[in-house]
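Chain by chain, the residues:
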Amino acid sequence: MVTRGWTTQSAPMRTRSPMEHPAPIKETSPICAPAPIETRGPIKALGAITADAIVMPCETDLYFTVEDNRREVAQMPRAELRSIPSIWGHRAGNPVLSPADAKFIGDSARELLAR
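Worth saying up front: this structure is predicted, and the values here are computed from it rather than measured. (Residues numbered from 1 in each chain as written. Predicted model: local features only at pLDDT ≥ 70, side-chain atom pairs only at ≥ 80, totals over all residues. Heavy atoms only, no water.)

1. Thoughts on the overall build of the chain
Looking only at helices and strands, the chain features 3 helices and 4 strands. Walking the chain from its N terminus toward its C terminus, one meets helices and strands in the order β-β-α-β-α-β-α. Going through the 115 residues of the chain one by one, you find that 22% of them count as buried. Here the contacts in the chain between residues at least 6 apart in sequence split such that 55% fall between residues at least 24 apart. (Helix = DSSP H or I, 4+ residues; strand = E, 2+ residues; numbered from the N terminus. Buried < 20%, exposed > 50% of the residue type's maximum accessible area, 1.4 Å probe, protein only. Contact = heavy atoms within 4.5 Å.)

Written out as structure tokens, the structure reads:
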């Protein structure tokens with residue numbers, strides 16, 4: 001029998017739901033261990049980013065607004081906010097839609113990498 005390109009001889013039949021995790025994560029594993037209280041939260045996480053960064057939201061993006069990114073960049077010691085001047089909102093930077101957006105992002109990335 002062939003199902004989706006697999007034969008029952010070459011691949012065993014699935015006996016569990018694809019949504020089921022193959023092995024439960026234990027609460028004591030490092031991935032689940034809570035961080036020390038002084039390092040928890042997004043403010044501490046953003047402050048821990050020490051790399052140079054340019055955060056580039058689109059001026060018309062309604063999902064990730066410039067104001068949201070402004071607050072995030074304020075917590076990052078070496079970050080700069082540079083809004084993409086585009087009408088494309090969340091899709092800004094798609095080179096098919098707007099070569100000008102792609103140029104803006106490319107120029108900013110090259111500048112960042114040259115630092």
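2. Some details on the nonpolar core
Among the nonpolar cores identified, the biggest contains 6 residues, and these are Leu-46, Ala-53, Val-55, Val-73, Met-76 and Ala-79. Apart from the residues lying within four places of it in its own chain, the contact partners of Leu-46 are Glu-72, Gln-75, Met-76 and Pro-77. (Core = buried A, V, L, I, M, F, W, Y, C linked by side-chain atoms within 4.5 Å.)

3. Quick look at the pattern of salt bridges
For the structure shown, the criterion picks out 10 salt bridges. For Arg-82, the salt bridge is made with Glu-80, and the minimal N-O distance between the two is 2.6 Å. In this structure Glu-80 comes out as partly exposed when scored by relative accessible area, which is 26%. Several salt bridges converge on common partners, so that one network encompasses Glu-67, Asp-68, Arg-70 and Arg-71. (Salt bridge = Lys/Arg side-chain N within 4 Å of Asp/Glu carboxyl O.)

4. A word on helix H3 (residues 99-114)
Its 16 residues place the ends of H3 22 Å apart at the C-alpha level, agreeing with the 22 Å of an ideal helix rising 1.5 Å per residue. Here the buried face of H3 lies against strand S3 (53-55). (Expected span 1.5 Å × (residues − 1).)

5. Things to note about a nonpolar patch on the surface
On the surface, a cluster of nonpolar side chains totalling about 320 Å² of accessible area is made up of Ile-87, Trp-88 and Leu-97. For Trp-88, the location among the structural elements is in the loop between strand S4 (79-81) and H3. (Patch = residues over 30% accessible without salt bridge, like charges linked within 9 Å, V, L, I, M, F, W, Y side chains within 5 Å. Areas by Shrake-Rupley, 256 points an atom, 1.4 Å probe, with all protein chains shown as cover.)

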